[in-house]
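Letter by letter, the chains look like this.
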Amino acid sequence: MTAKLLQTLPPDLDQARLPHHVAVIMDGNGRWAKQKGFPRIIGHRQGVDALKDLLRCCKDWGIGALTAYAFSTENWGRPLEEVDFLMVLFERILRRELTEMCDEGVKITFVGDLESLPLSLQAEIQHSMAATAKNQAIHFTVAINYGSRHEIIKVCRQLAGAVQKGEIKLEQVDESLFQQHLYTAGESDPDFLIRTSGEMRLSNFLLWQIAYTEIYFTPTLWPNFDRQEFHQALLDYQKRDRRFGKA
Ligand code: IPE
Ligand code: IPE
Ligand code: MG
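Since this is a predicted model, take the numbers as computed values, not measurements.

**Considerations on the side chain of T213**
Part 1 of the argument: Within the secondary structure layout, T213 lies in the loop between β5 (192-195) and β6 (214-217).
Part 2 of the argument: Within the structure, T213 has its side chain in polar contact with the backbone oxygen of P190 (distance 2.6 Å).
Part 3 of the argument: For T213, the contacting residues outside a window of four places in its chain are P190, D191, F192, L193 and R242.

Put into structure tokens, the structure is as follows:
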């Protein structure tokens, strides 16, 4: 099937059974670059194009929400040069893509410990969120400096603090209240999580939110993840029986 045909939902996919919310662990940029004899950063740059096309594809095919893991709390452990490159890349992409996101009705938000990011990146993040806040075509969430354990501890501290101050009763702490304090509050849990590059792990991503998410692993390296690959992943998703513990 040509890329052109895939501009609309492939006929073998059932519109009514598409995931509402797709999440991606975009892994394999470094290996993609290495295979081609390039430095790792070239892989990150190429990965941006893959993400951009997936976002557009989700919108074209009627998927309401996409969440992408861009930088984990553990990724600070990489060489300074790579971390610096990524921070500058995030900032540049946000600036460059803002007009197009507005034109296409993309609402962008971010999850993660944003306050530890470079100030210029924080400013770009705030600006892009404010400028796209009313858009409704698709909700695009980018996880930057995100770690699920960090997120869960943050919620525990907030709720414990509220109990301590007498603002809420201990008995009021339940799944619903907990959820409302996560970075992802207000967004439904992902229906489908895709991890590229052949690694079969979650790497501290959305551990609370994916309790009943369908998971798909593919050996494809992230920069090579295209509409054909996404089509295959969705065909797999539509074969699954989501029982949620029921018989
Ligand atoms: C994913 O690709 C991007 C980030 C984690 C920022 P990697 O950089 O992890 O690429 P590999 O896994 O080393 O190939
Ligand atoms: C997960 O990929 C984080 C992102 C894709 C941003 P990593 O490459 O950091 O994960 P590990 O180290 O292989 O678990
Ligand atoms: Mg990796």
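So, next bit.
**Description of the state of the cysteines**
Chemically, a disulfide is nothing more than a covalent bond linking the sulfur atoms of two cysteines.
Part 1 of the argument: Across all of its chains, the model carries 0 disulfides by this definition.
Part 2 of the argument: C57 forms no disulfide, and the closest cysteine sulfur to it belongs to C58, at a distance of 6.0 Å.
Part 3 of the argument: Using a relative accessible area of 0% as the deciding quantity, one classes C57 as buried.
Part 4 of the argument: Not part of a disulfide, C102 finds its nearest cysteine sulfur in C58, a span of 19 Å.
Part 5 of the argument: In this structure C102 comes out as partly exposed when scored by relative accessible area, which is 30%.

**Describing the pattern of salt bridges**
Part 1 of the argument: Counted under the stated rule, the structure contains 22 salt bridges.
Part 2 of the argument: A salt bridge links K59 to E104, with the nearest nitrogen and oxygen atoms 3.6 Å apart. With a gap of 45 residues between them, K59 in helix α2 (residues 40-61) and E104 in the loop between α3 (80-103) and β3 (106-111) connect regions that are remote in the sequence.
Part 3 of the argument: Take E104: its relative accessible area is 21%, and that puts it in the partly exposed class.
Part 4 of the argument: Ionic pairing is found between R227 and D60, a salt bridge with its closest N-O pair at 3.1 Å. Of the two residues, R227 sits in helix α7 (residues 227-238) while D60 sits in helix α2, which places them 167 residues apart along the sequence.
Part 5 of the argument: When its relative accessible area of 7% is taken as the criterion, R227 is described as buried.
Part 6 of the argument: Several salt bridges converge on common partners, so that one network encompasses K52, R56, K59, R96, E97, E100 and E104.

**Regarding the packing of aromatic side chains**
Part 1 of the argument: The tally for this structure, following the rule as stated, stands at 13 aromatic pairs.
Part 2 of the argument: Note on W61 and F230: the rings are 5.7 Å apart at their centroids and 10 degrees apart in plane angle, and the pair reads as stacked. Taken together, the residues W61 in helix α2 and F230 in helix α7 connect sequence positions 169 residues apart. Both residues of the pair, W61 and F230, belong to the buried class.
Part 3 of the argument: Relative to Y216, the ring of F192 has its centre 5.9 Å away and its plane inclined at 55 degrees; by these criteria the two rings are tilted.

**Considering the packing of α3 against helix α4 (residues 119-132)**
In a packed pair of helices, the relevant descriptors are the angle between the two axes and the axis-to-axis distance.
Part 1 of the argument: As a packed pair, α3 and α4 sit with axes 9 Å apart at the nearest point and diverge in direction by 15 degrees. Judged on the interaxial angle alone, α4 and α3 are roughly parallel. For α3 against α4, the interelement crossing comes out left-handed. Contacts between α3 and α4 involve M87, F90, E91, L94, R95, L98 and C102 from the first element and S120, L121, E124, I125, H127, S128, A131 and T132 from the second.

**Structural notes on unusual backbone geometry**
Part 1 of the argument: Positioned with a positive phi, S203 is a non-glycine residue whose angle comes to about 45 degrees.
Part 2 of the argument: Tracing the backbone shows S203 in the loop between β5 and β6.
Part 3 of the argument: For F244, which is not glycine, the phi dihedral falls at a positive 50 degrees.
Part 4 of the argument: Relative to the elements of secondary structure, F244 occurs in the segment after α7.
Part 5 of the argument: Overall, F244 belongs to the partly exposed group, its relative accessible area being 43%.

**Focus: the site of ligand 1**
Part 1 of the argument: Looking at ligand 1, there are 13 residues lining it, with D27, G30, R31, R40 and R78 nearest.
Part 2 of the argument: In this structure, G30 approaches ligand 1 through a main-chain N or O atom, which is 2.9 Å from an oxygen atom.
Part 3 of the argument: A distance of 2.9 Å separates an oxygen atom of ligand 1 from a polar side-chain atom of R40.
Part 4 of the argument: Isolated, ligand 1 exposes 380 Å² of accessible area, and the fraction of that covered by the protein chains is 87%.
Part 5 of the argument: Put simply, the parts of the chain that give the shell around ligand 1 at least two residues each are α1 (29-35), α2 and α3.
Part 6 of the argument: For the shell around ligand 1, a count of residues per class yields 3 nonpolar, 5 polar and 5 charged.

Definitions and cut-offs
Residues numbered from 1 in each chain as written. Chains lettered and ligands numbered in written order. Predicted model: local features only at pLDDT ≥ 70, side-chain atom pairs only at ≥ 80, totals over all residues. Heavy atoms only, no water. Helix = DSSP H or I, 4+ residues; strand = E, 2+ residues; numbered from the N terminus. Polar contact = N/O pair within 3.5 Å; in protein donor to acceptor, adjacent residues only side chain to side chain. Contact = heavy atoms within 4.5 Å. Disulfide = S-S within 2.5 Å. Buried < 20%, exposed > 50% of the residue type's maximum accessible area, 1.4 Å probe, protein only. Salt bridge = Lys/Arg side-chain N within 4 Å of Asp/Glu carboxyl O. Phe/Tyr/Trp six-rings, centres within 6.5 Å; stacked < 30°, edge-to-face > 60°. Axes fitted to C-alpha atoms, helices over the stretch in contact; angles between N-to-C directions. Parallel < 35°, antiparallel > 145°, perpendicular 65-115°, else oblique. Left-handed = near helix turned anticlockwise from the far one by under 90°. Near = heavy atom within 4 Å. Areas by Shrake-Rupley, 256 points an atom, 1.4 Å probe, with all protein chains shown as cover. Nonpolar A, V, L, I, M, F, W, Y, C, P; charged D, E, K, R; others polar.

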